[in-house]
Amino acid sequence: MNRRRVLVAAGFGLFAVSLAELVQPGVSPIPGDELLLTAVGAVALLYAVAAALARRRTGPERVETPDVELPEPATVPGGDIAAVLQRFPGAERVYAGAGTSRRNGLRRVAVAVLTRYRGLEPAAARQRVAEGVWTDDSDAARFLADRRLSSSLGQRVRRFVAPDSGRERALDRTVDAIAAVAGVQTDEESPGDPETTNETGTAHLAGKTGVRRRTRHWAGVSVVVLVCLAVGLLLEEPGVLLAGVVAVGYAAYARVGPQTSVDLSGARSLADSEPDPGDDVAVTVTVTNEGGFCPDLRIVDGVPESLAVTDGSPRRGVRLREGESVTFSYTVRARQGTHEFGPTQVLARSLSNSTEQELAVGSETTVTAVPSLRPVQEPVPLRRQPTQYAGRAPTDSGGEGIEFHTVREYKPGDSMTRIDWNRRARTGELTTLEFRRERATRVVLLVDARSTARVGHDPGAPDAVERSIGATQRVFPALLSEGHQVGIAAFGPAECFLAPDTGTSHRQRGRDLLATHPAFNENPGPDETRHTWGLRFRKQLPDNTQLVLFSPLLDLRVVRVVRTLEAHGHPVTVLSPDPTATGTPGQRLMRARRRLLVTDLRQTGVPVLDWAPGTPLAETLKREVATR
Amino acid sequence: MSNDTSNGVGPIERSPTYLSSTLALLAGVSTAVLSAYAQVALGATLAGLLVLGLGLGVGRQSPVTVGGGLLVAGVVAAGLSGAPVLATVLGMTTALLAFDLGTTALGLGEQLGRETPTSEVELLHAVASAAVGLGVVVPALAIREVATGGQPVSAVFGLLVVVLLSVVVLRRADPLSGRRA
């Protein structure tokens, strides 16, 4: 700093002397020599070259602002083939690594799929894969075959020109061939755009708050100065020299221009903090300048990741004088659940654009949208498991009811209305009609809310957890109104259990729980559900309780949970929103894997309702009831 | 299904803002006009204008920087080909303004989007930058006029060393430690 001051002082002194010399020639002690001027020009040129070479980065650097207008897109499962190969049902010991190990993994998966879908013995399936006769696709067959199969000229040329791309291509084709064996076709509807499948929204504030950093907006101006000086001096052109002086002005503006000390406060208000889902909510943001003049404030409001902006813009570029404030508003569409607005992100730039300070102002605001329960019209196909309470679920035992069950010998005390009078008239025998006894059951609706379930078939569509919760909201009141005792629980790291009960207040409790409980509304992140979850859940579960599980059925863990519950006498019905897509080979393999899991579950007697995206829930339920 | 995600506004258009882009192109056109004293100079500024326009069209920084550089080169070429001092000095101002405003348009577009109302900020930046240019041009030309006995070499030398010193100092100056208003 001291050296800089000396330089500045020397500069000013020299400037004064030179000015005096201009007005009154002969005052200055400085020697005037053309050669000296040329020397200064040469020095400037060298400095210019050095400065130009020293510039490591060329362009300006800016803080990036998130796309707050868009809700966080759902991840389409199957982005990583290695991850899909891992824990493939029936090929558990698959090592998913690179190169040959990946090939080994695919071999095991191919064997597993052939065993299930072609009815082959594992040994026979293995042999087919080794011989390369399991598929019509020659690339795929060769990729998994033990020995080298003869390849066509085109394939050889391709391998020679681009060995890596050939391997990737063969891998993709093999994955597709395996998926095809499992019945997943490439040309099925493929909404999953490979470009956007793996992206997740980053709506967090970028960078550190409050740090002022340079933007390098004027990068290159000093080089212009030096070039002008050098050229002007060496070629003796006063115009160019003066042009260099202009550039000096800009360099000074950029480097030592006025800096603002930024002190802002913010406020946000919602037209309705408890709207119905689907309502448009007006959000009004006010940012007030508590400090000095701010020439350039770039404001981006912290719209929750889960909400979409439907009208207006949550952004504004303003200048604020001392004490002035700006107010703007926009509209978001409410979705069910609790959504938190983050602080408002403000980028404060200096007048010269050369520095930028990032601030977070305002407080967090919450909007809660609780949907009114709309019971699904179709009956929910429950498993048979009676309680002692009268209800509508048909049982296997005879008694009073509507549907015919059996005929038995008359016992004294049987109601006269249940005597089969036709038979009595025909044969003289006295028999009693038995009807299917209808009883209430106890049901717990279990929602798979783990982070692995937060995937969807399309980045713009609701993910499997949202669909599951949506379905739960419709099944819950429907079962209640049929007289069942219904409870709600979440399968995930966050504890959530509502014991089965009936009644209006219970209905209200369930409605609020589904809409606002963090287990359903917050992505728990990659940390997994504890291994003791099943044990603790079973302890909470009353006896004679059956379960309706809402899960995308993407991993073996949830299948194991179902089996354990079944083994402990809790019948399970699975309603599975299908989150798989067919856009890429990995996604198709994921669909094949899910199909295997569904088939496995069905084979053990667990009804699985496969709920395709775009199909109404009622239709899925109706189809299941019809096939029973 | 109650989870309707459609009907959103969609991703914002992160292209350069219109106002600053227009002003940058206007500055570029002025540079071209001011440099029209030699074919080489005019060619360079027109090429610079084209590249600048292209950069603003596609929303990329590097063409804007290159375009600004070409505009500067054209002005220097015009100065060397005998353009009046006033034209050269003003040309340099407009060339640097074109680069500055183009970069501002890109930055605002990238951070806030094209559709966001930002005109007051853009106008302020443009006026401030133009004022800086004029604030240097006018005194510099005034000094040149005041100089009575032609320009003694010793004085010119002294002033040049001053300019060089200021560049050295400015390159070391950190904009972050600048004085606070």
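To keep things clear, this report deals only with the structure shown in the data block. (Residues numbered from 1 in each chain as written. Chains lettered and ligands numbered in written order. Predicted model: local features only at pLDDT ≥ 70, side-chain atom pairs only at ≥ 80, totals over all residues. Heavy atoms only, no water.)

**Some details on the overall build of chain B**
Across its full length, chain B carries six helices and zero strands. Listing each helix as α and each strand as β along chain B from the N terminus yields α-α-α-α-α-α. Within the span of chain B, comprising 181 residues, buried residues form 53% of the whole. Once local pairs closer than 6 in sequence are excluded, the contacts in chain B between residues at least 24 apart make up 72%. (Helix = DSSP H or I, 4+ residues; strand = E, 2+ residues; numbered from the N terminus. Buried < 20%, exposed > 50% of the residue type's maximum accessible area, 1.4 Å probe, protein only. Contact = heavy atoms within 4.5 Å.)

**Topic: the packing of aromatic side chains**
Scanning the model with the defined rule gives five aromatic pairs over all chains in all. Consider the rings of W218 of chain A and Y250 of chain A, whose centres lie 5.3 Å apart with planes at 25 degrees: the pair is stacked. Highlighted residues: W218 of chain A in the loop between strand 1 (212-214) and helix 9 (221-234) and Y250 of chain A in helix 10 (residues 238-256), separated in sequence by 32 residues. The class of W218 of chain A is buried, set by a relative accessible area of 6%. Ring geometry for F491 of chain A against W533 of chain A: centres 4.3 Å apart, planes inclined by 45 degrees, an arrangement best described as tilted. Residue F491 of chain A is found in strand 14 (residues 485-491), and its partner W533 of chain A is found in helix 15 (residues 533-540); the two are separated by 42 residues along the sequence. Of the two residues, F491 of chain A and W533 of chain A, both sit in the buried class. By way of ring pairs, the aromatic residues F491, F497, W533 and F537 of chain A are connected into one cluster. The ring centre of W611 of chain A lies 4.6 Å from the NZ or CZ of R467 of chain A, which sits over that ring. R114 of chain B extends its terminal NZ or CZ atom over the ring of Y18 of chain B, reaching a point 4.1 Å from the ring centre. (Phe/Tyr/Trp six-rings, centres within 6.5 Å; stacked < 30°, edge-to-face > 60°. Lys NZ or Arg CZ within 6 Å of the ring centre and 35° of its normal.)

**Comments concerning helix 15 of chain A**
Within helix 15 of chain A, the full set of buried residues consists of W533, G534, F537 and R538 of chain A. Summarising the axial view, the buried residues of helix 15 of chain A lie within an arc of 125 degrees, below the 170-degree limit, and thus occupy one face. (Arc of directions from axis to C-beta.)

**As for the sheet that holds strand 2 (residues 264-270) of chain A**
All names here are of chain A. Pairing within the open sheet is antiparallel, and its four strands lie in the order 2-3-7-5. The sheet is open, and its two edges are formed by strand 2 and strand 5 (308-311), each paired on a single side. If you compare each strand with its neighbour and ignore which way they point, the axes differ by 40 degrees on average. Where strand 5 meets strand 7 (residues 325-333), three bridges bridge the pair, whose relative direction is antiparallel. Bridging across to strand 7, A308 finds its partner in R333. (Pairing = 2+ DSSP bridges. Axes fitted to C-alpha atoms, helices over the stretch in contact; angles between N-to-C directions.)

**Let's talk about a nonpolar patch on the surface**
Side chains of L45, V49, L53, L234 and L235 of chain A together with L80 of chain B sit close together on the surface and give an oily, nonpolar patch of about 540 Å² of accessible area. Take the nonpolar patch: its biggest share by element is three residues, from helix 2 (residues 34-54) of chain A. Among the secondary structure elements, L234 of chain A is positioned in helix 9. Residue L234 of chain A is classed as partly exposed on the basis of its relative accessible area of 37%. (Patch = residues over 30% accessible without salt bridge, like charges linked within 9 Å, V, L, I, M, F, W, Y side chains within 5 Å. Areas by Shrake-Rupley, 256 points an atom, 1.4 Å probe, with all protein chains shown as cover. Salt bridge = Lys/Arg side-chain N within 4 Å of Asp/Glu carboxyl O.)

**As for the packing of helix 4 (residues 85-112) of chain B against helix 5 (residues 119-146) of chain B**
Residues and elements named next belong to chain B. Helix 5 packs onto helix 4 with a crossing angle of 160 degrees between their chain directions and a minimal axis gap of 10 Å. One finds that helix 4 runs roughly antiparallel with respect to helix 5. Every pair of crossing elements has a handedness; the one defined by helix 4 and helix 5 is right-handed. Residues V85, L86, V89, T93, L97, D100, L101, T104 and L108 of helix 4 form the contact with helix 5, whose own contacting residues are V121, E122, H125, A126, S129, A130, G133, V137, L141 and R144. In terms of residue class, the contact of helix 4 with helix 5 is built from eleven nonpolar, five polar and three charged. (Parallel < 35°, antiparallel > 145°, perpendicular 65-115°, else oblique. Left-handed = near helix turned anticlockwise from the far one by under 90°. Nonpolar A, V, L, I, M, F, W, Y, C, P; charged D, E, K, R; others polar.)

**A closer look at the pairing of strand 13 (residues 442-448) of chain A**
Residues and elements named next belong to chain A. Strand 13 sits mainly inside the fold: seven of its seven residues count as buried. Alternating positions in strand 13 separate into two faces, R442, V444, L446 and D448 on one and V443, L445 and V447 on the other, with burial throughout. In this sheet, strand 14 lies alongside strand 13 in parallel orientation, the contact comprising seven bridges. Within strand 14, the position partnered with V444 by the bridge is G487. Between the parallel pair strand 13 and strand 14, the chain is carried across by helix 12 (residues 464-481), and the sense of this crossover is right-handed. (Right-handed = clockwise from strand over helix to strand, strands pointing away.)

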